[in-house]
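Reading the structure
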Amino acid sequence: MLVQEKVVPPEIDKWLKLPWDGVVVHYHEIGLKGGNRRPFTKALVKNLQRALSRFGVEVQDLFDRLLVRAETDRLVDILFAAPKVFGVAYAAPVRFLNRSIDAMVDAAIQTYTALASGKETFAVRIRRVDKSFPLTSRELERMVGQQVAMAIGAPVDLDEPNILLSFRVYQDCIYQVGPKVQGVGGLPVGVTGKVLALISGGIDSPVAAWLMMKRGCFVDFVHFHAFPSNDEAVAEKVPKLVERLVVPQGVTCHLFLVPYHTFQLALLMSKVPPKLELVLFRRFMVKVANQIAKEHGHKAIVTGDNLCQVASQTLENLSVLDNASELPIFRPLLTYDKREIITLAQQIGTYELSIQPYKDCCSLIARHPETRAKLREVLEAESTLPIEQLVSRSLSEMAVVTIGDQLIEGLSRAGIKPCSNHSMGSNYSRF
């Protein structure tokens with residue numbers, strides 16, 4: 001199943017037994033955009049609406065926060081799905097109160113009574129967003145806190161309370177805000193441009209794509225496979241990895257499936273030095289990716305390269321790879337160590353899929369690749385191969401899978417289209 005089982009922490013679960021009216025979503029980095037904030041919040045609203053559409057939600061932009069309304073029984077789902085959308089700082093259950101001190105006192109008493117099992121400490125936090133409301137935030141906290149303490153006889157701890165009672169005062173009403181579920185932050189997908197990520201069946205490349213999405217990039221994917229048909233590639237784990245990345249963001253992306261048997265056959269029939277096979281294959285992948293990117297408006301190529309994590313990912317080899325690309329190649333994992341990448345993969349939810357057995361394309365090319373490739377030697381070896389024809393042939397055998405339309409019983413619909421000509425134009429009207 002694509003959707004992982006939701007585990008609600010006990011400290012949050014007890015709060016969810018209280019009556020709530022919706023979920024409030026706050027952003028952080030977007031708020032720093034000043035007068036340019038509007039396009040970012042508009043994109044975030046759109047992505048949230050699509051990511052949460054299966055819960056029947058309505059997302060409202062209320063200047064400094066977003067409000068998600070839905071049926072009460074979907075509150076838990078929304079509370080844990082919304083923070084996975086890039087651009088979200090945190091999400092929290094919210095309850096609407098009348099604009100009065102009495103309303104805050106009553107809500108605070110009700111909340112404490114429902115949560116406390118003994119004489120737990122409490123504190124009141126109030127932010128007066130509407131400055132026309134009488135008294136300052138600190139004055140309101142003291143007044144509400146004193147009345148609550150008198151009513152329930154509970155001790156106050158302003159530094160580390162067992163129960164924190166939070167309120168925000170707006171012009172239309174007062175929000176009582178429950179416990180926060182931290183979000184992934186970043187920028188909404190789609191606000192910074194469109195890139196094409198090379199994705200394998202391993203751990204690194206899905207994490208690299210996720211990091212680019214976190215910086216607001218819309219990401220499509222290209223995968224090079226060894227299967228006799230594209231249909232077999234669709235049945236394997238790479239489309240599932242892509243689903244795991246894009247479905248939480250509420251976006252639809254495309255996965256280009258490129259068989260590489262033509263290139264592999266050309267290598268077998270050539271006199272290319274075996275130690276150069278891997279760097280030549282990677283240059284071939286970059287050239288194919290460039291053709292796809294130029295056809296469909298991608299501004300850069302993304303890879304999961306990491307400096308010297310494996311023997312072939314040296315500065316010299318990466319430079320030779322850059323030489324094969326007309327577009328910039330982004331490597332967001334360049335400085336990460338393997339433990340950091342694995343930790344991110346586990347957080348994202350791609351790790352368990354990534355470690356499943358799979359015919360990874362790079363492992364089939366060479367056992368002992370060149371670690372300090374010289375561009376002159378690489379270009380000389382490459383000149384013995386009909387690269388343009390190999391790229392064109394591979395593109396003609398390519399298929400595209402549409403991923404992320406919507407969730408159906410935990411899995412998003414995936415539609416596959418073949419590509420029957422080299423230009424690809426007639427087969428990609430949806431791009």
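If you're wondering where the values come from, they're calculated on a predicted model, not measured in any experiment.

In terms of helices and strands, the chain carries 15 helices and 15 strands. Expressed as a percentage of its 431 residues, the buried residues of the chain come to 54%. In the chain, 78% of the contacts between residues at least 6 apart in sequence involve partners at least 24 apart. Total accessible area on the chain stands at roughly 19900 Å², and carbon and sulfur atoms take up 52% of it.

In terms of residue burial, strand E5 (residues 122-128) counts as a mostly covered element, since five of its seven residues are buried. Across seven bridges, the pairing between E5 and strand E6 (residues 163-169) is parallel. Residue pairing for E6: Val 124 is matched across the bridge by Leu 165.

Here we come to the side chain of Thr 262. By the secondary structure assignment, Thr 262 is in helix H9 (residues 261-268). Residues within four places of Thr 262 in sequence aside, it is in contact with Leu 390, Arg 393 and Glu 397.

Bringing unusual backbone geometry into the picture now. The phi angle at Leu 135 is positive, at roughly 75 degrees, despite the residue not being glycine. Looking at the element boundaries, Leu 135 is found in the loop between E5 and helix H5 (137-152). What makes Leu 135 partly exposed here is its relative accessible area of 33%.

A few words now on the side chain of Ser 325. Secondary-structure assignment places Ser 325 in the loop between helix H11 (315-323) and strand E13 (329-330). A distance of 3.0 Å separates polar atoms of two side chains, one belonging to Ser 325 and the other to Asn 290. Within polar-contact distance, the side chain of Ser 325 engages the backbone oxygen of Leu 327 at 2.6 Å. The residues touching Ser 325, leaving out its near neighbours within four places in the chain, are Val 286, Asn 290 and Ile 301.

Here is what the cut-offs are and how they apply
Residues numbered from 1 in each chain as written. Predicted model: local features only at pLDDT ≥ 70, side-chain atom pairs only at ≥ 80, totals over all residues. Heavy atoms only, no water. Helix = DSSP H or I, 4+ residues; strand = E, 2+ residues; numbered from the N terminus. Buried < 20%, exposed > 50% of the residue type's maximum accessible area, 1.4 Å probe, protein only. Contact = heavy atoms within 4.5 Å. Areas by Shrake-Rupley, 256 points an atom, 1.4 Å probe, with all protein chains shown as cover. Pairing = 2+ DSSP bridges. Polar contact = N/O pair within 3.5 Å; in protein donor to acceptor, adjacent residues only side chain to side chain.

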